[in-house]
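# Summary of the model geometry
Read off the chains here:
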Amino acid sequence: LGVPDGSNYLFKLEVTEAAAPAPATEATAHILDATLDLPAMAQGEKADGDSETFKDYFTVMYSAKNKIDGSNKAFDDGYTATQRLNFGGKTQPDKGMINTVRFETKAAADLRFWWVSGGDGRQFALYSDAGEVIAKTEVESVKNSLYISDLSVDAAGVYYLGVPDGSNYLFKLEVTEA
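Residues numbered from 1 in each chain as written. Predicted model: local features only at pLDDT ≥ 70, side-chain atom pairs only at ≥ 80, totals over all residues. Heavy atoms only, no water.

## With respect to the environment of Leu-146
- Within the secondary structure layout, Leu-146 lies in strand E10 (residues 146–153).
- Accessibility expressed as a relative area gives 32% for Leu-146, which makes it partly exposed.
- For the pair Leu-146 and Ser-117, spaced 29 residues apart in sequence, the C-alpha separation works out to 6.9 Å.
- The residues contacting Leu-146, other than those within four sequence positions of it, are Lys-73, Ala-74, Phe-75, Trp-115 and Val-116. (Helix = DSSP H or I, 4+ residues; strand = E, 2+ residues; numbered from the N terminus. Buried < 20%, exposed > 50% of the residue type's maximum accessible area, 1.4 Å probe, protein only. Contact = heavy atoms within 4.5 Å.)

Here is the structure:
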């Protein structure tokens with residue numbers, strides 16, 4: 001600030017700084033792929049209530065009926081799999097959320113999962129940490145048909161992806177946090 005052509009008087013100068021734009025936050029994707037991430041496992045190798053964490057994000061809440069076995073599938077979006085998580089039974093909140101995959105988000109998140117119906121009319125559900133169904137797929141599922149479904153959560157928290165109606169087969173789960 002200066003006066004190039006002579007003398008002037010300055011009585012007051014106010015400077016207001018504009019807030020810097022907030023840095024763009026990148027979405028963080030967490031992926032559990034049964035083919036790439038889960039070791040094969042026969043039914044009965046785990047007991048009701050056993051659990052195992054994968055990729056420091058997903059925890060499989062086992063029952064004695066779970067197995068991780070071979071199943072070759074090609075989904076409409078080009079994803080191919082050779083192995084699945086077979087839940088073997090429905091989710092049981094009263095038994096420690098067995099037959100689910102647990103995860104904890106730090107923010108709102110979108111879920112996409114690739115699955116096959118274990119029987120006509122079966123769905124997947126998203127459960128709260130309290131064991132309540134907070135979202136559910138709504139497809140007219142047919143036994144052994146392939147589906148790609150999307151659900152979302154609007155806040156940080158602990159969630160479980162499970163099977164309210166009976167066993168289904170999970171091939172891949174992707175959780176993308178905003």
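Next comes the rest of the account.
## Considerations on the nonpolar core
- Of all hydrophobic cores here, the largest spans 30 residues; its most connected members are Val-101, Leu-170 and Leu-173.
- At the level of elements, strand E3 (58–61), strand E6 (100–105), strand E7 (109–116), E10, strand E11 (157–162) and strand E12 (169–177) are the ones that each hand at least two residues to this core.
- Examining the composition of this core, we find that 4 residues originate from one element, E7, more than from any other.
- What Val-101 contacts, discounting residues up to four positions off in sequence, is Leu-32, Phe-58, Thr-59, Val-60, Leu-85, Phe-87, Tyr-159, Tyr-160, Leu-161, Leu-170 and Leu-173.
- Core analysis: the next-biggest nonpolar cluster, separate from the first, contains 7 residues, Tyr-79, Ala-81, Val-116 and Phe-171 among them. (Core = buried A, V, L, I, M, F, W, Y, C linked by side-chain atoms within 4.5 Å.)

## Some words on the pairing of strand E5 (residues 80–86)
- Burial analysis of E5 places 5 of its 7 residues in the buried class, the great majority of the element.
- Strand direction decides the pairing type here: strand E4 (residues 67–74) and E5, joined by 6 bridges, are antiparallel. Residue pairing across strands places Ala-74 opposite Thr-80, the latter belonging to E5.
- Connecting E4 to the next strand, E5, in antiparallel fashion are 5 residues, including Gly-78 with a positive phi near 100°.
- Looking at chain direction, E5 and E12 are connected through 2 bridges and run antiparallel. (Pairing = 2+ DSSP bridges.)

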